[in-house]
Protein chains: 6
Amino acid sequence: MKLGELTWQDADSLSRDIVVLIPTGSLEQHGPHMPLLTDTLIVTAVAEAVEARIADKVLLTPTVWLGASGHHLAFAGSLSASMSSYVETIQAIVQSLLPHGFHKFYVLNGHGGNTDLNSIAMRELKQRNPTATFGHSGYFAFCTDVVAAVLEGPQKEMRHACESEASLGLHLFPQLVRRDKLRDDGLKTEPSLKGMVHFFDEMTVEGSLGFATLATAEKGAKIFSAAVDGVVTELTAVADGYVLKGYF
Amino acid sequence: MKLGELTWQDADSLSRDIVVLIPTGSLEQHGPHMPLLTDTLIVTAVAEAVEARIADKVLLTPTVWLGASGHHLAFAGSLSASMSSYVETIQAIVQSLLPHGFHKFYVLNGHGGNTDLNSIAMRELKQRNPTATFGHSGYFAFCTDVVAAVLEGPQKEMRHACESEASLGLHLFPQLVRRDKLRDDGLKTEPSLKGMVHFFDEMTVEGSLGFATLATAEKGAKIFSAAVDGVVTELTAVADGYVLKGYF
Amino acid sequence: MKLGELTWQDADSLSRDIVVLIPTGSLEQHGPHMPLLTDTLIVTAVAEAVEARIADKVLLTPTVWLGASGHHLAFAGSLSASMSSYVETIQAIVQSLLPHGFHKFYVLNGHGGNTDLNSIAMRELKQRNPTATFGHSGYFAFCTDVVAAVLEGPQKEMRHACESEASLGLHLFPQLVRRDKLRDDGLKTEPSLKGMVHFFDEMTVEGSLGFATLATAEKGAKIFSAAVDGVVTELTAVADGYVLKGYF
Amino acid sequence: MKLGELTWQDADSLSRDIVVLIPTGSLEQHGPHMPLLTDTLIVTAVAEAVEARIADKVLLTPTVWLGASGHHLAFAGSLSASMSSYVETIQAIVQSLLPHGFHKFYVLNGHGGNTDLNSIAMRELKQRNPTATFGHSGYFAFCTDVVAAVLEGPQKEMRHACESEASLGLHLFPQLVRRDKLRDDGLKTEPSLKGMVHFFDEMTVEGSLGFATLATAEKGAKIFSAAVDGVVTELTAVADGYVLKGYF
Amino acid sequence: MKLGELTWQDADSLSRDIVVLIPTGSLEQHGPHMPLLTDTLIVTAVAEAVEARIADKVLLTPTVWLGASGHHLAFAGSLSASMSSYVETIQAIVQSLLPHGFHKFYVLNGHGGNTDLNSIAMRELKQRNPTATFGHSGYFAFCTDVVAAVLEGPQKEMRHACESEASLGLHLFPQLVRRDKLRDDGLKTEPSLKGMVHFFDEMTVEGSLGFATLATAEKGAKIFSAAVDGVVTELTAVADGYVLKGYF
Amino acid sequence: MKLGELTWQDADSLSRDIVVLIPTGSLEQHGPHMPLLTDTLIVTAVAEAVEARIADKVLLTPTVWLGASGHHLAFAGSLSASMSSYVETIQAIVQSLLPHGFHKFYVLNGHGGNTDLNSIAMRELKQRNPTATFGHSGYFAFCTDVVAAVLEGPQKEMRHACESEASLGLHLFPQLVRRDKLRDDGLKTEPSLKGMVHFFDEMTVEGSLGFATLATAEKGAKIFSAAVDGVVTELTAVADGYVLKGYF
């Protein structure tokens with residue numbers, strides 16, 4: 001169900017075992033070839049496709065489109081929430097629904113820069129509401145195998161405005177992708193280091209990471225399909241119930 | 001221009017005299033007859049119509065759809081930001097753009113519960129950035145005359161899920177309005193008092209205020225048109241420049 | 001009752017239906033002709049006159065004299081609370097008394113810049129304490145008709161250090177009003193705009209808005225009397241009880 | 001000078017070497033015999049007497065009457081700021097004046113529960129404004145010798161609503177002191193301990209500490225005079241200048 | 001260099017290209033067999049061994065031993081910082097040193113629950129200080145290959161109080177490891193899910209994850225050695241300098 | 001008991017009447033002759049000696065080594081927590097243990113700059129947990145008589161890096177004291193003032209206050225012994241119980 005389209009009486013009539021699904025995106029630079037709202041458009045498309053498949057198991061909120069994008073602010077047009085307001089926004093959504101008995105919440109993320117904060121938002125909520133159910137993941141975590149299989153460039157994982165994201169864009173919103181500006185980009189430390197924090201104005205030339213010149217709509221369709229399938233499987237289990245058992 | 005559809009290079013090529021337009025809505029109960037996302041849908045429609053009319057003068061962000069709706073939380077499905085996270089969200093959008101030279105910002109509000117907070121957000125921003133230009137108003141402030149003229153019920157001002165909002169809904173998103181559930185509602189203090197704070201579970205029976213049974217799409221079209229015209233006039237002046245002079 | 005003059009045992013012996021009355025003012029520039037403490041002096045005078053009339057229905061706290069006055073800070077001597085500390089101060093007063101059973105609270109405001117924040121303070125308190133009673137209003141909301149009737153200048157509403165406030169000053173604290181410096185002042189946008197945020201160093205020459213040269217103590221006495229009458233009526237109903245009923 | 005009585009132009013014409021004097025009090029229980037506003041009344045009287053003596057060296061703000069009184073909240077009528085809002089209130093006063101060039105600030109305290117927080121407020125301000133001058137002290141720190149000399153009871157230091165404070169009350173506001181309810185009170189740990197935190201509902205029977213039955217207006221006059229003299233000496237040196245030199 | 005052992009003059013004489021190394025641990029339950037301070041003891045040992053190897057390249061602070069351990073609080077004795085105070089603590093250390101010209105900072109983490117927060121702390125610092133160098137990593141990220149090679153149980157990655165951590169304990173502080181209580185533990189979701197947030201009282205029986213019964217000091221020595229080598233290599237490059245170049 | 005060395009099962013088996021002992025220190029400049037970690041080293045030594053004497057009455061946490069040291073930040077190497085994060089850190093430790101039934105907490109302080117904040121931390125905790133027991137004191141409060149007796153210089157109270165602290169250093173960690181750099185230092189206001197806030201770069205030449213050239217290990221041993229004895233007596237009474245009675 002799409003929460004925004006319901007009346008309050010509709011919402012009140014729902015099963016409390018439904019999973020509240022909160023997509024999180026961003027509005028930030030995606031290189032010279034993709035629109036600022038890229039992450040939001042993709043994760044919203046995934047979430048809506050999931051809702052269309054299992055509407056009775058999912059209560060979909062609008063996408064939290066203002067992400068934690070401080071590492072992109074050197075590029076004009078990028079917007080970033082503060083860390084604290086981002087976390088509070090996610091938590092406010094959950095805390096509004098908990099008193100009405102909804103008790104299963106899942107954040108579906110479309111922007112890597114939100115990952116840490118989604119984790120923190122959920123951990124704090126779990127501390128305050130230990131009997132409720134909380135989950136979060138990037139949609140990209142459900143399609144790593146397909147991504148690795150379909151990408152042709154040397155970068156086999158999803159990065160920022162890369163072959164993979166650009167393919168998703170060509171599949172989902174081709175009118176907003178600048179095919180004439182598709183670009184390969186991305187610097188690395190020399191010597192190789194594990195833990196350095198660099199912002200995108202340091203580690204790219206024009207804002208993207210990876211081999212976007214190899215993007216195609218067909219690759220995007222495959223990646224999208226895998227992501228939707230994975231999220232459907234995950235959320236179905238959350239809605240229907242799962243147990244903790246056996247040795248790890 | 002729609003910010004989300006631009007690349008960062010597009011954004012960087014814009015005139016810095018463009019007005020950044022930030023619509024603010026809510027996701028909260030609107031009686032038995034209107035969807036939870038009503039305020040967001042209306043203000044987004046107004047903002048997009050304005051942008052379509054004066055695209056070179058306006059840089060439109062996505063709508064901040066999570067409003068300050070604590071007074072509706074007794075009704076299932078309503079969501080509310082905390083006061084502080086709402087204010088920080090608005091401010092974060094502005095603060096992301098200020099370093100790139102954008103200096104005119106206008107919040108267009110679609111939810112009465114946000115008014116105080118939009119004011120505070122803008123006042124604080126003005127303190128920190130005294131040479132920048134800040135404005136905010138509800139779209140409803142631009143159509144009070146038309147509202148008073150077209151409404152047939154005894155309530156001649158726009159209220160929550162009333163004849164006026166329901167008319168806008170029938171004009172803009174008729175498929176989401178429950179015509180069979182249109183309802184007149186709303187209690188008042190006896191004796192009459194000016195300053196009491198009541199929440200919607202106290203001052204309505206089913207969540208709406210006013211005479212929604214009288215709503216029509218035609219009334220909605222007139223109100224919408226007046227709001228768009230008013231906002232276009234306001235923002236054109238902000239973009240083109242205005243002065244302070246004469247006695248008040 | 002004046003809370004500050006009671007012992008704790010006196011306070012403990014009061015009826016819990018008494019209305020806790022919290023006046024809020026400011027210490028900020030009021031043009032070349034009025035003292036910085038103007039708002040505080042006026043609202044305190046109104047509140048004390050109300051308390052003198054209905055002492056058994058009102059528990060009067062000292063005036064919160066540090067208001068939200070960021071828009072006046074360009075003028076030397078003006079003080080401003082931060083938004084958050086102002087709100088917390090109001091809430092702390094209420095939260096100190098709630099555990100002892102006091103459950104009716106009314107903020108009487110004397111400074112326009114506090115209005116948004118009083119609203120937010122009360123809304124948050126209502127969310128946390130849904131069965132308690134909260135109200136707030138400017139004293140000026142109770143005398144708009146008299147103000148419109150007695151003012152001779154073209155500005156018929158109460159503004160900052162205007163004909164109306166200066167008249168109140170001449171009535172209540174004439175020794176602190178500089179009759180030789182009474183001044184007409186105040187700029188407006190051209191073309192006319194609804195929503196722009198301007199500070200007093202932008203929209204006045206010397207800090208006041210309106211036609212203070214027309215002020216008289218007699219006008220002040222009439223305005224004061226109307227304000228006191230209005231607040232007495234409002235608070236009597238809050239103390240004695242009121243109901244919500246009928247259609248709005 | 002009394003800041004609140006000045007116009008902004010008066011304030012702007014002052015020497016920037018004047019000491020901004022900020023009195024801090026409380027509104028909290030003071031036993032069965034003294035009014036809730038005791039601390040505020042005393043410190044305000046001291047501060048006003050100081051201002052009357054050295055008006056050109058001191059810029060006196062209104063008293064911050066809402067103190068940190070959590071340890072008294074078990075007694076009806078007591079009010080307490082939160083720790084953070086109290087500190088922010090003090091700092092907001094200072095930060096409003098710093099940009100206009102005022103650079104000497106002194107907090108004169110009348111309530112022991114504020115001492116820690118005044119210290120913290122000043123230390124943080126000093127970190128942010130290392131070239132400005134900050135001081136704070138209780139008025140009671142300037143009259144310890146006289147207090148020890150005039151008190152007849154076994155408690156020779158100023159405590160809460162004790163022989164000393166009650167004497168000050170009989171000197172300064174006799175109409176608000178309940179002579180018929182003067183009371184000796186105050187428990188101690190057995191065995192004796194240095195560092196335990198106890199609130200007044202634990203360590204008194206009716207809220208006061210010490211031997212108030214021995215209070216007289218004459219003792220109060222002597223204590224008051226000593227406090228005023230001490231503060232005058234301190235602030236005169238701050239206004240006129242002092243140096244740091246010699247070995248500690 | 002160990003910062004705590006230096007005088008301020010020693011610190012002031014250091015090269016500003018030295019890497020400030022901040023270890024972060026926890027004090028939280030580690031099953032029936034390991035002490036609460038396990039993470040702190042291990043990461044401190046690694047950091048001290050690194051400092052011993054490259055003392056002129058590393059300025060070692062004491063370990064931040066209070067971690068983010070909300071997911072362990074159901075077990076007695078576990079302590080947890082709030083998310084915000086943890087982040088502020090890390091940032092305060094950095095912000096104290098930045099004004100003195102130190103500009104390279106690396107957080108070495110010993111507790112998985114701190115990872116998100118270390119990331120956020122560093123990202124915020126980078127936004128405020130874009131020309132400074134920030135890095136962070138778990139010591140465990142430098143020994144994944146050795147861990148996979150030496151572990152005999154079916155769990156080949158480092159987990160909480162597992163074969164790997166218990167081996168490190170037997171190597172570094174055998175007197176604090178309860179050999180008689182070594183335990184295999186850890187539940188998993190069925191069906192398998194990616195993103196669920198579970199606390200240790202839900203997903204273990206006695207608090208540990210993995211096959212601690214297989215732990216030996218020899219394995220611990222190998223893991224420790226690999227971690228130290230890896231961190232030495234990383235920090236040497238940070239101290240000596242590195243560049244960003246080439247395609248990612 | 002040393003908390004960090006216990007398993008959670010050990011902790012869970014303890015008597016809930018044990019006193020949780022939280023030492024607080026600093027990492028800040030201590031003149032040219034003492035290490036930055038001086039306060040932490042001393043207070044940890046006292047706390048460990050106390051724990052060794054009455055292990056069954058005390059549950060000792062690691063030392064909170066990052067203190068509030070803003071007044072020392074002008075000297076390289078000094079670190080300071082923010083006021084709020086310091087307070088939250090102390091409170092987080094307490095709040096982690098309260099739900100498990102521990103109800104007696106004592107902060108033993110080794111750094112004067114923490115005193116105000118320890119007080120505030122404990123007062124707030126007491127407000128939230130009125131039936132629990134809270135105490136705090138500097139270790140130096142227990143040895144004032146011995147300090148006054150053994151010091152030979154004109155300064156008879158413990159100050160910063162003075163004869164007393166340097167003597168403790170020579171007793172406890174002589175290898176870290178620079179005997180060749182022992183220094184007498186410390187400026188005072190002229191004329192003498194009570195309440196001024198000065199930082200150490202203003203009121204010393206090289207960072208210390210007092211007559212460190214007179215320090216000896218023998219004096220340090222006596223001071224240390226007195227401090228340990230005093231704390232043992234205090235905490236024994238807290239663990240075994242005490243009452244409030246008699247007149248103050």
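The structure under discussion appears in the preceding block.
Conventions used here
Counting restarts for each chain: residues are numbered from 1 in the order of the written sequence. Working convention: letters from A go to chains and numbers from 1 go to ligands, in the order in which they are written. Residues qualify for local features only when their pLDDT is at least 70, as the model is predicted, and side-chain atom pairs are given and counted only at 80 or more; totals for whole chains, interfaces and linings, by contrast, use all residues. The side-chain values count all of the structure's non-hydrogen atoms but skip hydrogen atoms and water molecules. The rule is simple: take the accessible area with a 1.4 Å probe, protein chains only, and divide by the maximum for that residue type; under 20% is buried, over 50% is exposed, in between is partly exposed. Put simply, DSSP marks the helices as runs of H or I at least four residues long and the strands as runs of E at least two long, and each gets a number from the N terminus on. Any two strands with at least two DSSP-identified bridges between them are counted as paired. Contact definition: two residues touch when any of their heavy atoms are within 4.5 Å. What sets the superposition is a least-squares fit of C-alpha atoms, and only residues with pLDDT of at least 70 in both copies go into it. Any two of the Phe, Tyr and Trp rings considered here, Trp counted by its six-membered ring, make a pair once their centres fall within 6.5 Å; the pair's planes then place it as stacked at under 30 degrees, edge-to-face at over 60, or tilted in between. Once two parts are joined, some of their accessible surface, as seen by a 1.4 Å probe, is lost; buried area is that loss totalled over both. Here a salt bridge means any side-chain nitrogen of Lys or Arg lying within 4 Å of a carboxyl oxygen belonging to Asp or Glu. Definition of a polar contact: a pair of N or O atoms within 3.5 Å, with one able to donate and the other able to accept a hydrogen when the atoms are protein atoms, and with sequence-neighbouring residues admitted only if both atoms are side-chain atoms. For this classification, the nonpolar set comprises Ala, Val, Leu, Ile, Met, Phe, Trp, Tyr, Cys and Pro, the charged set comprises Asp, Glu, Lys and Arg, and every other residue, Gly included, is treated as polar. Axis lines are fitted through C-alpha atoms, for helices just across the contact stretch, and the angle between N-to-C directions can take any value from 0 to 180 degrees. Our angle categories are set so that under 35 degrees counts as roughly parallel, over 145 as roughly antiparallel, 65 to 115 as roughly perpendicular, and the remainder as oblique. Left-handed describes a crossing whose near helix is turned anticlockwise from the far helix through less than a right angle; right-handed describes the clockwise counterpart. Each helix should span, by expectation, one fewer than its residue count multiplied by 1.5 Å.

A. Summary view of the pairing of strand E3 (residues 104-109) of chain B. All names here are of chain B. Of all 6 residues in E3, 6 are buried, a share of seventy percent or more. Of the two faces of E3, the one carrying Lys-104, Tyr-106 and Leu-108 and the one carrying Phe-105, Val-107 and Asn-109 are both buried. Pairing of strand E1 (residues 19-24) with E3 involves 6 bridges; the strand directions are parallel. Its bridge partner lying in E3, Pro-23 is registered against Leu-108. Inspection of the sheet shows E3 paired to strand E4 (residues 133-138) by 6 bridges, in the parallel sense. Its bridge partner being in E4, Tyr-106 is matched across the sheet by Gly-135.

B. Quick peek at helix H6 (residues 163-172) of chain A. All names here are of chain A. The buried fraction of H6 amounts to 8 of the 10 residues, a majority that puts the element mostly inside the structure. Among the residues of H6, Glu-163, Ser-164, Glu-165, Ala-166, Ser-167, Leu-168, Gly-169 and Leu-170 are the ones counted as buried. At its buried positions, H6 is contacted by helix H2 (38-53), helix H5 (144-150), strand E7 (210-211) and helix H8 (217-240).

C. Summary view of the relation of the copies chain E and chain A. The transformation that overlays chain E on chain A combines an axial shift of 0.0 Å with a rotation of 180°, and the residual RMSD is 0.0 Å. Interpreted geometrically, this transformation is the action of a two-fold axis. For chain E, the smallest separation between a C-alpha atom and the rotation axis is recorded for Asp-116 of chain E, amounting to 2.4 Å. An overlap of 100% is found between the interface residues of chain E and their copies at the interface of chain A, pointing to a shared contact surface.

D. Structural view of the packing of aromatic side chains. Counted according to the given criterion, the structure contains 18 aromatic pairs over all chains. The interplanar angle of 15° and the centroid separation of 5.8 Å between the aromatic rings of Phe-105 of chain D and Phe-134 of chain D together place this pair among those described as stacked. Taken together, the residues span a long stretch of sequence, with Phe-105 of chain D in strand E3 (residues 104-109) and Phe-134 of chain D in strand E4 (residues 133-138) at a distance of 29 residues. When the centroid spacing of 4.9 Å and the interplanar angle of 70° are considered together, the rings of Phe-75 of chain E and Trp-8 of chain F count as edge-to-face.

E. Structural detail: the environment of Leu-37 of chain D. Relative to the helices and strands, Leu-37 of chain D resides in the loop between strand E1 (19-24) and helix H2 (38-53). Separated by 28 residues in the primary sequence, Leu-37 of chain D and Trp-65 of chain D place their C-alpha atoms 8.0 Å from one another.

F. Inspection of the interface of chain D and chain F at higher detail. Residue-level contacts link 55 residues of chain D with 56 residues of chain F. Summing both sides of the interface, chain D and chain F together bury roughly 5300 Å²; the carbon and sulfur share of this comes to 62%. Along the contact surface separating chain D from chain F lie 6 salt bridges. Across the salt bridge formed by Glu-190 of chain F and Lys-245 of chain D, the nearest N and O atoms sit 3.3 Å from each other. If you look at where chain D meets chain F, you find 24 residue pairs in polar contact (both at pLDDT 80 or more). Sorting the residues of the side of chain D that touches chain F by element identifies helix H4 (115-128), E4, strand E5 (184-185), strand E6 (188-190), helix H7 (200-203), helix H8 (217-240) and strand E8 (243-245) of chain D as the ones contributing at least two each. Sorting elements by how many residues they give to the side of chain D that touches chain F places H4 of chain D first, with 9 residues. Here the side of chain D that touches chain F is built from residues that sort into 27 nonpolar, 15 polar and 13 charged.

G. Looking closely at unusual backbone geometry. Residues and elements named next belong to chain A. Residue Pro-191 follows Glu-190 across a cis peptide bond; omega there is 0°. With a phi angle near 60°, Ala-161 is a residue other than glycine that sits in the positive phi range. Inspection of the secondary structure assignment puts Ala-161 in the loop between H5 and H6.

H. Molecular detail of the pattern of salt bridges. For the structure shown, the criterion picks out 78 salt bridges over all chains. For the salt bridge of Arg-128 of chain B with Glu-124 of chain B, the shortest nitrogen-to-oxygen distance reads 3.5 Å. Taken together, the residues span about one helical turn, with Arg-128 of chain B and Glu-124 of chain B both in helix H4 (residues 115-128) at a distance of 4 residues. The class of Arg-128 of chain B is partly exposed, set by a relative accessible area of 45%. Members of the salt-bridge network, linked through shared partners, are Glu-152, Glu-163 and Lys-219 of chain A.

I. Quick peek at the sheet that holds strand E1 (residues 19-24) of chain F. Residues and elements named next belong to chain F. Read from one edge of the open sheet, 4 strands run E2-E1-E3-E4, paired in parallel fashion. Each having just a single partner strand, strand E2 (58-60) and strand E4 (133-138) make up the two edges of the open sheet. Neighbour-to-neighbour, the strand axes of the sheet open up by a mean angle of 25°, direction not taken into account. Its contacts with the sheet put helix H2 (residues 38-53) on E1, E2 and strand E3 (104-109), and the angle it makes with E2 is roughly 145°. Docked against the sheet, helix H4 (residues 115-128) engages E1, E3 and E4, running at close to 175° with respect to E4.

J. Broad picture of the interface of chain E and chain A. Counting residues at the interface gives 56 residues for chain E, matched by 56 residues for chain A. Counting each side, the surface lost to burial between chain E and chain A is near 5300 Å², with a carbon and sulfur contribution of 62%. Linking chain E with chain A are 24 residue pairs in polar contact (both at pLDDT 80 or more), by the criterion used here. Broken down by secondary-structure element, the contributors of at least two residues to the side of chain E that touches chain A are helix H4 (115-128), strand E4 (133-138), strand E5 (184-185), strand E6 (188-190), helix H7 (200-203), helix H8 (217-240) and strand E8 (243-245) of chain E. The element best represented in the side of chain E that touches chain A is H4 of chain E, accounting for 9 residues. Across the side of chain E that touches chain A, the residue classes tally to 27 nonpolar, 15 polar and 14 charged. Note that strand E8 (residues 243-245) of chain A and E6 of chain E share 3 bridges and pair antiparallel. If you follow Lys-245 of chain A over to E6 of chain E, its bridge partner there is Lys-188 of chain E.

K. Spatial organisation of the arrangement of the chains. With respect to C-alpha atoms, chain B approaches chain D no nearer than 12 Å, and the pair has no contact. The two units chain B and chain F remain apart, with a minimum C-alpha distance of 18 Å.

L. Local environment of the packing of helix H2 (residues 38-53) of chain C against helix H8 (residues 217-240) of chain C. Residue and element names in this part refer to chain C. Viewed as axis vectors pointing N to C, H2 and H8 meet at an angle of 55°, and their least axial separation amounts to 9 Å. With respect to H8, the axis of H2 lies oblique. Taken as a pair, H2 and H8 cross one another with a handedness that is right-handed. Touching Ala-45, Val-46, Ala-49, Val-50 and Arg-53 of H2 are Phe-224, Val-228, Asp-229, Val-231, Val-232 and Leu-235, all from H8. Counted by class, the contact of H2 with H8 contains 9 nonpolar, no polar and 2 charged residues.

M. Geometry of H8 of chain C. For H8 of chain C, built from 24 residues, the straight-helix expectation of 34 Å at 1.5 Å per residue is met to within 8% by its first-to-last C-alpha distance of 34 Å. One or two positions beyond H8 of chain C, positive phi appears at Gly-241 of chain C, with a value near 110°.

N. Highlighting the side chain of Asn-109 of chain F. Residue and element names in this part refer to chain F. Within the secondary structure, Asn-109 is located in strand E3. On the basis of relative accessibility, which here comes to 2%, the residue Asn-109 falls in the buried class. Engagement of the side chain of Asn-109 in a polar contact is seen with the backbone oxygen of His-111, the distance being 2.7 Å. Setting aside residues up to four positions removed in sequence, Asn-109 forms contacts with Thr-24, Val-43, Asn-114, Thr-115, Asn-118, Ser-137, Gly-138, Tyr-139 and Phe-140.

As far as function goes, none of this settles anything; it's purely spatial.
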